[in-house]
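What follows is the residue order along each chain.
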Amino acid sequence: EAQVTQNPRYLITVTGKKLTVTCSQNMNHEYMSWYRQDPGLGLRQIYYSMNVEVTDKGDVPEGYKVSRKEKRNFPLILESPSPNQTSLYFCASSSGSGYSGANVLTFGAGSRLTVL
Amino acid sequence: GEDVEQSLFLSVREGDSSVINCTYTDSSSTYLYWYKQEPGAGLQLLTYIFSNMDMKQDQRLTVLLNKKDKHLSLCIADTQTGDSAIYFCAEKSGAGSYQLTFGKGTKLSVIP
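Description of the structure in this document.

A few words now on the overall build of chain B. Along its length, chain B carries 0 helices and 11 strands. Reading the secondary structure of chain B in the N-to-C direction produces β-β-β-β-β-β-β-β-β-β-β. Taking 2.2 N^0.38 as the reference for a compact globule, 112 residues should give roughly 13 Å; the C-alpha atoms of chain B span a radius of gyration of 14 Å, in line with that estimate. Along the first, second and third principal axes, the C-alpha set of chain B runs to 45 × 25 × 20 Å. Among the 112 residues that make up chain B, the fraction classed as buried is 45%. Accessible area for chain B stands at about 5,400 Å²; split by element, carbon and sulfur atoms hold 49% of it. Separation between the mean location of the 10 positive side-chain charges and that of the 13 negative ones in chain B comes to 1 Å.

The subject of this paragraph is the pattern of salt bridges. Enumeration over the complete set of coordinates arrives at 7 salt bridges over all chains. Residue A:D38 is joined to A:R36 by a salt bridge in which the shortest nitrogen-to-oxygen separation is 2.9 Å. According to the relative accessible area criterion, A:D38 is buried, its value standing at 10%. For B:K68, the salt bridge identified is with B:D69, shortest N-O distance 3.6 Å. Given a relative accessible area of 73%, B:K68 falls into the exposed group. A single salt-bridge network, built from bridges that share partners, covers A:R36, A:D38 and A:R44.

Quick look at the interface of chain A and chain B now. Taken together, the contacts link 28 residues of chain A with 21 residues of chain B. Between chain A and chain B, a total of about 1,900 Å² is buried, with carbon and sulfur atoms accounting for 58% of that surface. If you sort the residues of chain A by the area they bury against chain B, A:L43, A:Y99 and A:N103 come out on top, with a joint share of 27%. Along the contact surface separating chain A from chain B lie 0 salt bridges. The set of elements that each furnish at least two residues to the side of chain A that touches chain B consists of β4 (31-38), β5 (42-51) and β9 (87-94) of chain A. With 5 residues, the top contributor of residues to the side of chain A that touches chain B is β5(A).

Note on strand geometry: in a regular strand, side chains alternate between the two faces of the sheet. Residue and element names in this part refer to chain A. Taking burial as the measure, the 10 residues of β5 include 7 buried ones, the bulk of the element. Summarising the sheet, β4 and β5 pair through 7 bridges and their orientation is antiparallel. When the bridges of β5 are listed, M32 appears paired with S49. In sequence, β4 turns back onto β5 through a hairpin of 3 residues, with G40 there showing a positive phi of about 80°. Of the pairings in the sheet, the one linking β5 to strand β6 (residues 54-57) comprises 4 bridges and is antiparallel in character. Its bridge partner being in β6, Y48 is matched across the sheet by D56.

Moving on, we get to the sheet that holds strand β8 (residues 71-76) of chain B. Residues and elements named next belong to chain B. Read from one edge of the open sheet, 5 strands run β1-β3-β8-β7-β6, paired in antiparallel fashion. With partners counted over all chains shown, the strands left at the sheet margins are β1 (4-6) and β6 (55-58), one partner each. Within this sheet the neighbouring strands show an average axis-to-axis angle of 15°, counted without direction. In this structure, β6 lies alongside strand β7 (residues 61-66), joined through 4 bridges in antiparallel fashion. Bridging across to β7, Q57 finds its partner in T62.

What counts, and at which threshold
- The numbers attached to residues start from 1 for each chain and follow its sequence in the written order.
- Think of it this way: whatever chain is written first is A, whatever ligand is written first is 1, and the rest follow in order.
- Predicted model: local features are reported for residues with pLDDT of at least 70 only, side-chain atom pairs are reported and counted for 80 or more only, and whole-chain, interface and lining totals are derived from all residues.
- Hydrogens and water molecules were not included; the side-chain quantities draw on all heavy atoms of the structure.
- Only DSSP runs of H or I covering at least 4 residues are called helices, and only runs of E covering at least 2 are called strands; the numbering of each starts at the N terminus.
- When we talk radius of gyration, it's over C-alpha atoms, and the globule rule is simply 2.2 Å times the number of residues to the 0.38.
- Categorising residues by exposure relies on relative accessible area from a 1.4 Å probe, with only protein chains included: less than 20% of the type maximum marks a residue as buried, more than 50% marks it as exposed, and the intermediate range marks it as partly exposed.
- Here the accessible surface of atoms and residues is derived via Shrake-Rupley with a 1.4 Å probe, and residues count as covered only by protein chains that are part of the display.
- His residues and chain termini do not enter the charge count, which takes Lys and Arg as positive and Asp and Glu as negative.
- Charge coordinates come from a single atom per side chain, which is NZ of Lys, CZ of Arg, CG of Asp or CD of Glu.
- What counts as a salt bridge is simple: a side-chain nitrogen of Lys or Arg found within 4 Å of a carboxyl oxygen of Asp or Glu.
- Between two residues, a contact is recorded if the distance between any of their heavy atoms is within 4.5 Å.
- Once two parts are brought into contact, the accessible area they lose, counted with a 1.4 Å probe and summed over both, makes up the buried area.
- We treat two strands as partners when DSSP finds at least two bridges between them.
- Between N-to-C directions, angles cover 0 to 180 degrees, with each direction set by a line fitted to C-alpha atoms, over the stretch in contact for helices.

None of the figures reported here should be taken as evidence of function without further support.
Shown next as structure tokens:
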């Protein structure tokens, strides 16, 4: 089944303890992206990647890092999490045709992160 | 920058039609999308429309695009309780980009 898989789905952690949220897709998609969803703020993009070793900042990159060493994986790293990073996180991917045509994103199920 | 606006809440009775509206500011938008987010789940694409079209129909869903006013509507006929969800409008600007701009989402509540 074509899908985007995120782990963990739920995580409670403490301020300053480094964590990584993994994202993997099995569709050979070029484009991958991370979003956070907060009440009243909708979906905001954190980082995106147009291909292996190509990443760029979205609208809210502060406090996050990403890497794209392989096409299928796009982990989101919080080096020193803070309570304002408590949120629902989504990874999404799409194929290369999305660059010039309709960019249809496939989303993961989400990772709910709580930072105490 | 680009902006996409939606009302935050809509409540309808089961069996009625729902109309979710969206406005956008980018006059170079090429594709406009509707995504659905059910409770506890990720976003799923419902439908999208190319900017040179003014209407697209898919079973109970009708998308209307008024490009002059930069206004997009999602109409759901015979709304069911299973349609209760958050609906996101999104737009893609230009041909050489992957980037989508999302609205804040409209929470549709269907009253039995």
